[in-house]
Amino acid sequence: MKFGGSSVADPDKIRHVARRFVDAKRRGLNVVGTVSAMGKTTDELLALASDVSPTPNPRELDMLLSTGERIACALVAMAIDDLGEEAVSYTGSQAGILTDAAHTRAKIREIRGDRIRASLEQGKIVLVAGFQGFSRDTMEITTLGRGGTDATAVALAAALGGACEIYSDVPGVFTADPRIAPNARKLPFVSYDEMLEMAASGAKVLMLRSVELARNHGVRIHARSTFSDEEGTWVTDYEGMEQAIISAVTHSETDVVFTLTGIPDRPGVAAMIFDRVAGAQVNVDTIIQNVVHGRAEMSFSVPAEDVAATQGALTATQAELGTFSVEQNEQLGKVSLIGAGMRSHPGVAATMFRTLADLEINLEMISTSPIKISCMIGRDRIPEAVRALHDAFALEGEPVVEPTI
Ligand code: ADP
Ligand code: ASP
Ligand code: MG
């Protein structure tokens with residue numbers, strides 16, 4: 001059972017979450033919980049770090065950020081004790097969560113669950129601090145990247161062989177962010193493939209890597225509400241008989257677009273640039289290239305947290321390739337349509353572009369996959385674009401086919 005930061009934001013909420021753990025335990029289950037840092041703690045710690053240092057040392061950043069989850073876990077354990085059940089909290093490293101050595105973006109390699117299992121055998125509710133682990137190579141504490149407690153939850157479920165419930169302030173995965181599209185509808189089921197595209201294109205209700213882990217290890221995720229008992233959304237390998245053409249509209253307002261001009265137009269240059277960028281662990285999304293008078297111009301988008309790494313990689317490539325210039329645009333956002341049924345239905349792109357054109361929204365970049373179409377547009381136009389696309393594809397209506405599993 002995983003509870004996000006807004007679910008443990010204050011003492012009342014912590015007591016409420018403790019009650020949910022205790023109820024599950026009293027239903028006869030072995031309960032392993034993981035919680036995020038309280039409320040906006042991680043943002044506050046990051047702001048504090050950048051007030052102290054313009055380029056915080058990544059090792060120290062992980063020492064700092066990992067404390068947020070420890071605090072929340074210990075408090076939940078205390079509240080569980082008060083309800084008459086035994087609980088024990090562990091840091092990621094105490095719980096045996098082993099990661100690679102990449103500070104602030106580590107990947108889980110393995111979970112040595114012995115200590116968790118021993119505590120479960122003693123009848124305890126076990127709480128594992130989310131979002132963190134330990135690298136055997138460097139003997140250092142690592143964190144897993146923003147939203148990383150979702151990855152902790154899925155990895156624990158995979159390692160211990162349990163079901164994975166992810167509780168948050170929304171009752172499931174919706175056809176659009178319910179904060180932007182008030183008529184968004186909760187989806188009863190989402191396939192791993194669709195959820196991967198949704199998470200990758202900005203639906204932060206589940207962290208992208210948690211969905212990858214779930215798909216790779218066959219973990220079914222139940223995304224549901226902390227504050228009610230209603231059924232949430234199941235993320236599984238389910239594929240319906242007949243799929244909705246469009247399942248959801250997603251958006252992201254944090255991507256940054258880099259444009260490189262004056263690049264030599266010869267084979268191997270793009271490979272060199274993107275090798276460098278990948279070497280800096282940057283996740284590049286939309287890429288477009290044009291050739292004008294024998295020189296190439298290239299634009300690509302990266303998530304906000306990868307901007308510094310991208311700048312570093314580009315500076316190194318500039319030194320190697322001779323001059324090309326780099327521009328950075330922070331005025332764009334991305335709106336995407338996701339749907340497995342899109343594969344067999346032509347015309348989705350046309351309807352999307354027409355809907356945006358009717359709002360006089362200019363399309364700066366377009367990218368597609370078999371089940372996704374994304375457009376980069378002005379960041380300030382994102383909310384109205386999400387609402388218009390949600391209406392244009394009639395996503396507020398009842399689903400045509402109710403899947404069963
Ligand atoms: P937690 O703190 O519990 O990890 P997050 O803030 O990371 O929760 O994720 C939940 C938020 O995700 C919701 O408050 C909602 O605004 C946002 N969100 C974005 N897209 C969607 C979507 N398609 N369905 C549900 N929530 C979404
Ligand atoms: N507290 C971390 C964050 O804010 C991890 C998480 O919430 O899952 O990103
Ligand atoms: Mg989250």
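Residues numbered from 1 in each chain as written. Chains lettered and ligands numbered in written order. Predicted model: local features only at pLDDT ≥ 70, side-chain atom pairs only at ≥ 80, totals over all residues. Heavy atoms only, no water.

Draft legend 1. Representation of the environment of R26. Its location among the elements puts R26 in helix α1 (residues 11-26). Taking the C-alpha atoms as reference points, R26 and L321, separated by 295 residues in sequence, lie 64 Å from one another. Beyond its immediate chain neighbours, meaning those up to four positions away, R26 contacts R19, L83, G84 and E85. (Helix = DSSP H or I, 4+ residues; strand = E, 2+ residues; numbered from the N terminus. Contact = heavy atoms within 4.5 Å.)

Draft legend 2. Here's a closer look at the sheet that holds strand β17 (residues 325-329). With antiparallel pairing, four strands are arranged side by side in an open sheet as β15-β16-β14-β17. The open sheet terminates on both sides in strands that have one partner only, identified here as β15 (287-292) and β17. Averaged over all pairs of adjacent strands, the angle between strand axes in this sheet comes to 15 degrees, irrespective of strand direction. Where β15 meets strand β16 (residues 295-302), six bridges bridge the pair, whose relative direction is antiparallel. Pairing of V292 across the sheet is with R295, part of β16. (Pairing = 2+ DSSP bridges. Axes fitted to C-alpha atoms, helices over the stretch in contact; angles between N-to-C directions.)

Draft legend 3. The site of ligand 1, seen in detail. Around ligand 1, the structure places 18 residues, and the nearest of them are K2, D169, F174, D177 and R179. Within the contact set of ligand 1, an oxygen atom lies 3.3 Å away from a backbone nitrogen or oxygen of G5. Bound to the protein, ligand 1 loses 89% of the 580 Å² it would expose on its own. Class assignment for the residues of the shell around ligand 1 results in eight nonpolar, five polar and five charged. (Near = heavy atom within 4 Å. Polar contact = N/O pair within 3.5 Å; in protein donor to acceptor, adjacent residues only side chain to side chain. Areas by Shrake-Rupley, 256 points an atom, 1.4 Å probe, with all protein chains shown as cover. Nonpolar A, V, L, I, M, F, W, Y, C, P; charged D, E, K, R; others polar.)

Draft legend 4. Inspection of a nonpolar patch on the surface at higher detail. A contiguous nonpolar patch, built from I71, L75 and M78 and spanning about 260 Å² of accessible area, is present on the exposed surface. On the secondary structure map, I71 appears in helix α3 (residues 58-82). (Patch = residues over 30% accessible without salt bridge, like charges linked within 9 Å, V, L, I, M, F, W, Y side chains within 5 Å. Salt bridge = Lys/Arg side-chain N within 4 Å of Asp/Glu carboxyl O.)

Draft legend 5. Seen up close, the sheet that holds strand β7 (residues 132-135). Taken in spatial order, the four strands of this open sheet run β5-β4-β7-β8, and their pairing is mixed. Two strands bound the open sheet, and with one partner strand each, they are β5 (108-111) and β8 (140-143). Each strand of the sheet is rotated relative to its neighbour by a mean of 45 degrees, with strand direction disregarded. Pairing geometry for strand β4 (residues 97-99) and β7, over two bridges, is parallel. In the strand pairing of β7, T99 is matched with S135. Strands β7 and β8 of the sheet are contacted by α3, whose axis makes an angle of about 70 degrees with β8. Along the sheet, helix α5 (residues 149-160) makes contact with β4, β5 and β7, crossing β5 at roughly 40 degrees.

Draft legend 6. A look at the pairing of β16. Buried residues dominate β16, accounting for six of its eight residues. Here seven bridges tie strand β14 (residues 256-264) to β16, and the two strands are oriented antiparallel to one another. Its bridge partner lying in β16, V257 is registered against S301. In this antiparallel pair of consecutive strands, β15 and β16, the connection spans two residues, and H293 shows a positive phi of 45 degrees. (Buried < 20%, exposed > 50% of the residue type's maximum accessible area, 1.4 Å probe, protein only.)

Draft legend 7. Expanded view of the site of ligand 2. In the vicinity of ligand 2, the contacting residues are S36, T42, E69, F131, R146, G147, G148 and T149. Between ligand 2 and the protein, one listed contact pairs an oxygen atom with a backbone N or O atom of G148 at 3.3 Å. In this structure, T149 approaches ligand 2 through a main-chain N or O atom, which is 3.0 Å from an oxygen atom. Computed on the free molecule, ligand 2 has an accessible area of 260 Å², of which 86% lies beneath the protein chains in the complex. Here the shell around ligand 2 is composed, by residue class, of one nonpolar, five polar and two charged.

Draft legend 8. Region of the structure containing the packing of aromatic side chains. What the rule picks out here adds up to four aromatic pairs. Plain terms: the ring middles of F258 and F300 are 5.9 Å apart, the flat faces sit at 20 degrees to each other, and that makes the pair stacked. Here F258, found in strand β14, pairs with F300, found in strand β16; they are 42 residues apart in sequence, far enough to count as distant. The class for F258 is buried, based on a relative accessible area of 0%. Exposure remark for F300: the relative accessible area of 0% places this residue in the buried category. Here the guanidinium or amino end of R220 rests over the ring plane of W234, the centre of that ring lying 4.7 Å away. (Phe/Tyr/Trp six-rings, centres within 6.5 Å; stacked < 30°, edge-to-face > 60°. Lys NZ or Arg CZ within 6 Å of the ring centre and 35° of its normal.)

Any link to function would need more than the numbers given here.
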